[in-house]
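The residues making up each chain are set out below.
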Amino acid sequence: MNTEIEVCIDNLESLHNALSGGANRIELCSSLALGGLTPSFGMMKQAAKISSVPVYAMIRPRQGDFIFSDDDVICMLEDIEACSSAGLNGVVLGVLAPNGSIDMPKMQQLADKAHSLNLGITFHRAIDQCTDYQVALEQVIALGCERILTSGLAANAEQGIHILADMVKQADGRIDIMAGAGVNATNAKMIRSNTQVPALHLSGKSTRPSLMEKSSSAQMGNDNVDDYQIPVTDARKISDMRAALAI
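To start, this report covers the structure provided alongside it. (Residues numbered from 1 in each chain as written. Predicted model: local features only at pLDDT ≥ 70, side-chain atom pairs only at ≥ 80, totals over all residues. Heavy atoms only, no water.)

### Overview of the overall build of the protein chain
Counting its secondary structure elements, the protein chain contains eight helices and ten strands. Against the globule reference of 18 Å for 247 residues, the protein chain gives a C-alpha radius of gyration of 18 Å, in line with a compact fold. Dimensions of the protein chain, computed from the C-alpha atoms along their principal axes, are close to 55 × 45 × 35 Å. Looking at the protein chain residue by residue over its 247 residues, the buried ones come to 48%. Long-range pairs, those at least 24 residues apart, make up 67% of the contacts in the protein chain with a sequence separation of at least 6. Here the protein chain displays about 11500 Å² of accessible surface, and carbon together with sulfur accounts for 50% of that area. For the protein chain, the separation between the mean place of its 19 positive charges and that of its 28 negative charges on side chains is 6 Å. (Helix = DSSP H or I, 4+ residues; strand = E, 2+ residues; numbered from the N terminus. Rg over C-alpha atoms; globule rule 2.2 N^0.38 Å. Buried < 20%, exposed > 50% of the residue type's maximum accessible area, 1.4 Å probe, protein only. Contact = heavy atoms within 4.5 Å. Areas by Shrake-Rupley, 256 points an atom, 1.4 Å probe, with all protein chains shown as cover. Lys, Arg positive; Asp, Glu negative; His and termini not counted. Charge placed at Lys NZ, Arg CZ, Asp CG, Glu CD.)

### Digging into helix H5 (residues 133-142)
Along an α-helix, a turn takes 3.6 residues, which lines up residues three or four apart on a common side. Among the residues of H5, Tyr133, Ala136, Leu137, Val140 and Ile141 are the ones counted as buried. Down the axis of H5, the buried side of the element spans an arc of 140 degrees, and every buried residue falls inside it. Residues of H5 that are buried in the fold lie against strand E5 (120-123), strand E6 (147-150), helix H6 (161-171) and strand E7 (176-180). For H5, the side-chain oxygen to backbone nitrogen distance between the N-cap and Gln134 is 3.2 Å, and the N-cap itself is Asp132. (Arc of directions from axis to C-beta. Polar contact = N/O pair within 3.5 Å; in protein donor to acceptor, adjacent residues only side chain to side chain.)

### Description of the packing of aromatic side chains
Evaluation of the coordinates by the stated rule reveals zero aromatic pairs. It is Arg25 that lies over the ring of Tyr56; its NZ or CZ is 6.0 Å from the centre. Above the face of the Tyr56 ring, Arg147 is positioned so that its terminal group lies 5.1 Å from the ring centre. (Phe/Tyr/Trp six-rings, centres within 6.5 Å; stacked < 30°, edge-to-face > 60°. Lys NZ or Arg CZ within 6 Å of the ring centre and 35° of its normal.)

### Notes on the pairing of strand E1 (residues 4-9)
Within E1, five of the six residues are buried, leaving the element largely enclosed by the surrounding structure. Pairing analysis gives four bridges linking E1 to strand E8 (residues 199-202), with the strands arranged parallel. Each bridged residue has a counterpart across the sheet, and for Ile5 the counterpart in E8 is Leu200. Note that E1 and strand E2 (residues 25-28) share four bridges and pair parallel. Within the sheet, the bridge partner assigned to Cys8 lies in E2 and is Glu27. With helix H1 (residues 12-21) bridging E1 and its parallel neighbour E2, the resulting β-α-β unit is right-handed. (Pairing = 2+ DSSP bridges. Right-handed = clockwise from strand over helix to strand, strands pointing away.)

### Observations regarding the packing of helix H3 (residues 70-86) against helix H4 (residues 104-116)
It is at 9 Å that the axes of H3 and H4 come closest, and there the two elements cross at 15 degrees. The angle between H3 and H4 falls in the class roughly parallel. Helix-helix and strand crossings are classified by hand; for H3 and H4 the assignment is right-handed. Residues Asp70, Val73, Met76, Leu77, Ile80 and Glu81 of H3 touch H4, and the partners they reach there are Lys106, Gln109, Leu110, Lys113 and Ala114. Here the contact of H3 with H4 is built from residues that sort into six nonpolar, one polar and four charged. (Axes fitted to C-alpha atoms, helices over the stretch in contact; angles between N-to-C directions. Parallel < 35°, antiparallel > 145°, perpendicular 65-115°, else oblique. Left-handed = near helix turned anticlockwise from the far one by under 90°. Nonpolar A, V, L, I, M, F, W, Y, C, P; charged D, E, K, R; others polar.)

### Details of unusual backbone geometry
One non-glycine residue, Asn118, adopts positive backbone phi at about 60 degrees. The exposed category is assigned to Asn118, whose relative accessible area is 71%. In this structure, Ala181 is a non-glycine residue whose phi angle is positive, near 95 degrees. As for its position among the elements, Ala181 is in the loop between E7 and helix H7 (188-195). A relative accessible area of 18% means that Ala181 is categorised as buried.

So, in structure tokens, the structure goes:
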């Protein structure tokens, strides 16, 4: 089975690393530590110039849940437009209602906008917070999305293999199911063989030390974040997973 490997990144250094590691597709975000938010327009444009593989931008205006106001949706529509203007290939999004169902009116607005601009759509892990994933899967298909990113409703994809397998069976080739959360070279082949997912998603996260020659006691954000450790994708983690899948 030829498995797609999608790598999520939140900086351009990681984009270069993901490409050298063998990524088939990029999920472009800001703030991966918050689950991924919408990247800047400048970052979108530069990613489109650099990348040799399709780039899909996260469309998520804030951290937290996936219940978005009308104002949020207006922002999301503008950000979808920005993705097209920047030359990207698609968007990654999801909107829920308070009862844990997909907010179909808002999702339809967003999907229609993306389709009108010839952008592909990934429905992200909002599906893992849905009360009925089987109904949600059919709704996502009806919206014309290409794929669903999911951990199988579990804390990670390894724990969610049974629901992932059920999703693949229900999808029956109508949409791709992409397993994500905790996927790595050690468990990738097992997840694929037990679920038959056609795509796997990971960050390959690591850190590198800052190039600053002298550190400061000034803290730029949360006290538990080290400003002198830069989060980056490790190219070897991507290439190791590709090699593991080929065995």
